[in-house]
Amino acid sequence: MSPRPRPAPAGHPRTRRAAPVVALVAVVALAVLGSLAAEPARAQEGLGAADRGVDVDLQGVDPSTTTIPDGSATGRPDASNAEPSGQVAYVTADGRVWIGQGDAAPVEVAQGAAIGRGGQSAVAIAPTADLVAFVRSDGSLVTVPIDGGPPTVLATDAVTSSLGRDPSLAWDATGTTIAYLAVGTQDMAAPRSAARPPLQDPNSFPAPLPTGVLGNVVKIVSRAGEAVTRLGDPSLRSYVGITWSPADDLLVLESVIPGTTQRYTLVAATSGTETPTYFSADDPAFAPDGRFIVAVGPAKGRRELVRISTDTLDRTTLVTDDTICAPAVSPDGTRIVYGAGRDCSRLMLISSKGGKALDITPAGTPDTATFGVAPPGWTTEGRWITLAPCRRDAGRVECDGTITFLNPDSGRTRPGPDASTVAPLVRPLVQDVYLDVDLRGPIEFNHSFVLDPTVQGQLTDTEGDGGRLKGRLVDGGAVMEVDLRSSGGESVSGQITITDPESGVDRTFMVLGRPTVLGVRVFSISGIWISTADLPWATGRFDMAVRRR
């Protein structure tokens, strides 16, 4: 894949300064408390310790030694006899949808899937492993029980033009909603002002937008087909790719100028807010714990694989090559597989910390093969990589034949069924989430509460300019009840009630604070507290922050 031109979009000049995050604060700051407590528990149902994975630090490890069968170079146990596990979805060249377990023979569950470039289809298994979603040839978004059953049509306006180029649908971390590319209509377009906004960067220039041309939007629906939200103005952007974090309410969206193939920079979004970023990159992919994104960007006429922290937005270049495409992060977050070489005909493996890249291209792979059209996947145990049989012939891409399961540690391959698209189940790598509370002044309280399935919380009115969060957190004898409101992302007010026999605190505090977002998924609130339980009133400072271990 060659670098694609990136003109500066009208109204959104390209700049090297950090993207504004104020628009995300109201949703992220409140949603983290409400959603992180419940989402991991639901998405993790049925997971064993091996499925959750272990965060292994490969810093300083030479990946070229990972072919040792005993796995001693990576600290992994002997993987030579590991069997592919977890559900895997397939779509055949004639549109049949299959579900298999590991590399075992699959079972047909549906027909009529839409076929795009290279025979690729949009298909994804819910993280709850009970449904498979796909885009049908008639433009319908459909789900089918993973064990078979009648299809359920969730929407009828799905886009099929991006199939084989960018991901067209994605499940959220809980498996309760699906984001998909939808056809834009005139009623979705806001009136366009004749006056252009001022350029923020004197070295940038606005690219003229076509008049009367509509692109795609992103819609999110529940698994029952109920409309949740819509992202995008089809007259300003045409969304062509969707990537949803396996662990957070965070999406990365790819887009082009409507009616063209000219790319915008990436957009960071939640299920209710979207914010353009300054990142010019292709093929974004999340780590299974959501802590970082890998993507492919330009590098002085070459391409680079970059790792972007979702906590700090720090950007690290992992490797540079003439061509890089379709990176995929392993289920434990420690390794990245990607295509490289001419037409991405070589398969490479690198530590997610960086280092030397290892060529793991299966023996006997033809020179016409490409790993840049159908992205590689990882089976749930993290020992096997799934590969679609894609080839380039005189500029034409075809993906049809035997699916390959590759063990990158031993180099072993196992044949799968004959299909054109393969999509293994993706589950989140769940981490512990804590809410730290620190009250200072005449009354002092410092405690960390674990956000887990026992948290009793409710998040309401998150759309528009504000939202409300009510929740109750318990850790032993310490109890904290929260009732907060956000106003346009600029301030948070409300009250917290703390009961803690150990520190002797038992009262309600009025609070007023300002939220700040570190990256796009970690937030804190700092401000003042007031207690009216005694005269004179007591007041002090407080900090609340969410962190992950």
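So, how was this worked out
- Residues numbered from 1 in each chain as written.
- Predicted model: local features only at pLDDT ≥ 70, side-chain atom pairs only at ≥ 80, totals over all residues.
- Heavy atoms only, no water.
- Helix = DSSP H or I, 4+ residues; strand = E, 2+ residues; numbered from the N terminus.
- Buried < 20%, exposed > 50% of the residue type's maximum accessible area, 1.4 Å probe, protein only.
- Contact = heavy atoms within 4.5 Å.
- Areas by Shrake-Rupley, 256 points an atom, 1.4 Å probe, with all protein chains shown as cover.
- Pairing = 2+ DSSP bridges.
- Axes fitted to C-alpha atoms, helices over the stretch in contact; angles between N-to-C directions.
- Disulfide = S-S within 2.5 Å.
- Phe/Tyr/Trp six-rings, centres within 6.5 Å; stacked < 30°, edge-to-face > 60°.
- Lys NZ or Arg CZ within 6 Å of the ring centre and 35° of its normal.
- pLDDT = per-residue confidence, 0-100.
- Salt bridge = Lys/Arg side-chain N within 4 Å of Asp/Glu carboxyl O.
- Core = buried A, V, L, I, M, F, W, Y, C linked by side-chain atoms within 4.5 Å.
- Polar contact = N/O pair within 3.5 Å; in protein donor to acceptor, adjacent residues only side chain to side chain.

> Mind laying out the overall build of the protein, listing which residues take part and the relevant values?
Within the protein, the regular secondary structure consists of three helices and 39 strands. Every one of the 549 residues in the protein was classed for burial, and the buried ones make up 56%. When contacts within the protein are restricted to residue pairs at least 6 apart in sequence, long-range pairs at least 24 apart make up 52% of them. Element-wise, carbon and sulfur atoms account for 51% of the exposed surface of the protein, whose accessible area totals about 22600 Å².

> Would you mind going over the pairing of strand E32 (residues 445–450) in detail, with residue names and values included?
Judged by which residues are buried, E32 turns out to be one-sided: Phe445, His447 and Phe449 face inward and are buried, whereas Asn446, Ser448 and Val450, on the alternate face, are not. Judged from the six bridges that link them, strand E31 (residues 433–440) and E32 form a sheet pairing that is antiparallel. Residue pairing for E32: Asp436 is matched across the bridge by Ser448.

> Which residues make up the side chain of Glu254, and what values go with them?
Its location among the elements puts Glu254 in strand E13 (residues 251–256). On the basis of relative accessibility, which here comes to 2%, the residue Glu254 falls in the buried class. When sequence neighbours within four positions are dropped, the list of residues in contact with Glu254 reads Asp166, Pro167, Ser238, Tyr239, Val240, Gly241, Arg263, Leu266, Asp282, Asp283 and Pro284.

> Summarise the sheet that holds strand E3 (residues 107–110); cite the residues concerned and give the values.
To summarise the sheet geometry, strands pair through backbone hydrogen bonds and adopt either a parallel or an antiparallel arrangement. Spatially, four strands are ordered E3-E2-E1-E30 in an open sheet, and the strand pairing comes out antiparallel. The strands lining the two open edges of the sheet, one partner per strand, are E3 and strand E30 (421–424). Along the sheet, successive strands turn relative to each other by an average axial angle of 30°, direction set aside. Bridge analysis of strand E1 (residues 87–91) against E30 gives four bridges, and the strand direction is antiparallel. Looking across to E30, one finds that Tyr90 is bridged to Val422.

> Break down the state of the cysteines for me, with residues and values.
Every disulfide links exactly two cysteines, by a covalent bond between their sulfur atoms. Within the structure shown, the criterion is met by two disulfides. The disulfide partner of Cys325 is Cys344, and the gap between their sulfur atoms is 1.9 Å. Linking Cys325 in strand E20 (residues 324–329) with Cys344 in the loop between strand E21 (335–340) and strand E22 (346–351), this pair joins segments that are 19 residues apart in sequence. Judged on exposure class, the residue Cys325 and its partner Cys344 are both buried. Here Cys390 pairs with Cys399 through a disulfide, and the sulfurs are 2.0 Å apart. Judged by the sign of its S-S torsion, about 110°, the cystine formed by Cys390 and Cys399 is right-handed. As far as the burial class goes, Cys390 and Cys399 line up, both buried. In the protein, numbering the disulfide-bonded cysteines from first to last in sequence yields the connectivity 1-2, 3-4.

> So what about the sheet that holds strand E24 (residues 377–378)? Which residues, and what values?
With antiparallel pairing, the four strands of this open sheet are ordered in space as E24-E25-E28-E29. The open sheet has two edge strands with one neighbour each: E24 and strand E29 (413–419).

> Talk me through the packing of aromatic side chains; I want residue IDs and the actual numbers.
Enumeration over the complete set of coordinates arrives at two aromatic pairs. Sitting above the plane of the Tyr264 ring, Arg237 keeps its charged end 4.2 Å from the centroid. One residue, Arg307, lies across the ring of Phe292, its end atom 3.9 Å from the ring centre.

> Can you break down the confidence of the model for the protein residue by residue, with the values?
Per-residue pLDDT for the protein averages 81, and the proportion of residues at 70 or more is 77%. Predicted confidence for residues 1–79 stays below pLDDT 50, and this span has 189 contacts to residues more than four positions away or in other chains. In this model, residues 456–465 is a region of pLDDT below 50 whose contacts with residues beyond four sequence positions or in other chains number 24 contacts.

> Residue-level account of the pattern of salt bridges, with values.
Summed over all chains, the structure comprises 22 salt bridges. Residue Arg342 pairs with Asp343 through a salt bridge whose shortest N-O separation is 3.5 Å. In this structure Arg342 comes out as exposed when scored by relative accessible area, which is 61%. Residue Asp343 is classed as partly exposed on the basis of its relative accessible area, which comes to 32%. The salt bridge involving Asp438 is made with Arg440; its shortest N-O contact spans 3.0 Å. Residue classification places Asp438 among the partly exposed residues on the basis of a relative accessible area of 24%. Judged by relative accessible area, Arg440 falls into the partly exposed class, the value being 31%. Shared partners join several salt bridges into a network, and the residues in it are Glu83, Asp103 and Arg414.

> Provide a residue-level description of the nonpolar core, including the pertinent values.
Leu439, Met480 and Phe509 are the most contacted members of the largest nonpolar core, which totals 26 residues. Those elements giving two or more residues to this core turn out to be E31, E32, strand E35 (478–487), strand E36 (491–500), strand E37 (505–518), strand E38 (522–531) and strand E39 (538–548). The contact partners of Phe509, leaving out residues within four places of it in the chain, are Leu439, Ile443, Gly494, Gln495, Ile496, Ile498, Trp529, Ile530 and Ser531. In terms of nonpolar packing, the next biggest core, distinct from the first, is built from 20 residues, Ala124, Leu141, Leu163 and Val217 among them.

> How would you explain unusual backbone geometry if you had to name every residue and give the values?
Of note, the bond from Leu535 into Pro536 is cis; its omega dihedral lies within 30 degrees of zero at -5°. Mapped onto the elements of the fold, Pro536 is located in the loop between E38 and E39. Backbone geometry places Ala326, a non-glycine residue, at a positive phi of 50°. Structurally, the position occupied by Ala326 is in strand E20. We note that Asp343 has phi near 60°; this positive angle belongs to a residue other than glycine. By the element assignment, Asp343 lies in the loop between E21 and E22.

> Break down the environment of Arg307 for me, citing the residues and quoting the values.
Checked against the element boundaries, Arg307 lands in strand E18 (residues 302–309). Once the C-alpha coordinates of Arg307 and Lys353 are considered, the two residues, 46 residues apart in sequence, prove to be 8.6 Å apart. When neighbours within four sequence positions are excluded, Arg307 is seen to be in contact with Phe292, Ile293, Val294, Asp314, Arg315, Thr316, Leu318, Ser352 and Lys353. For Arg307, the side chain forms a polar contact with the main-chain oxygen of Ser352, separated by 2.8 Å.

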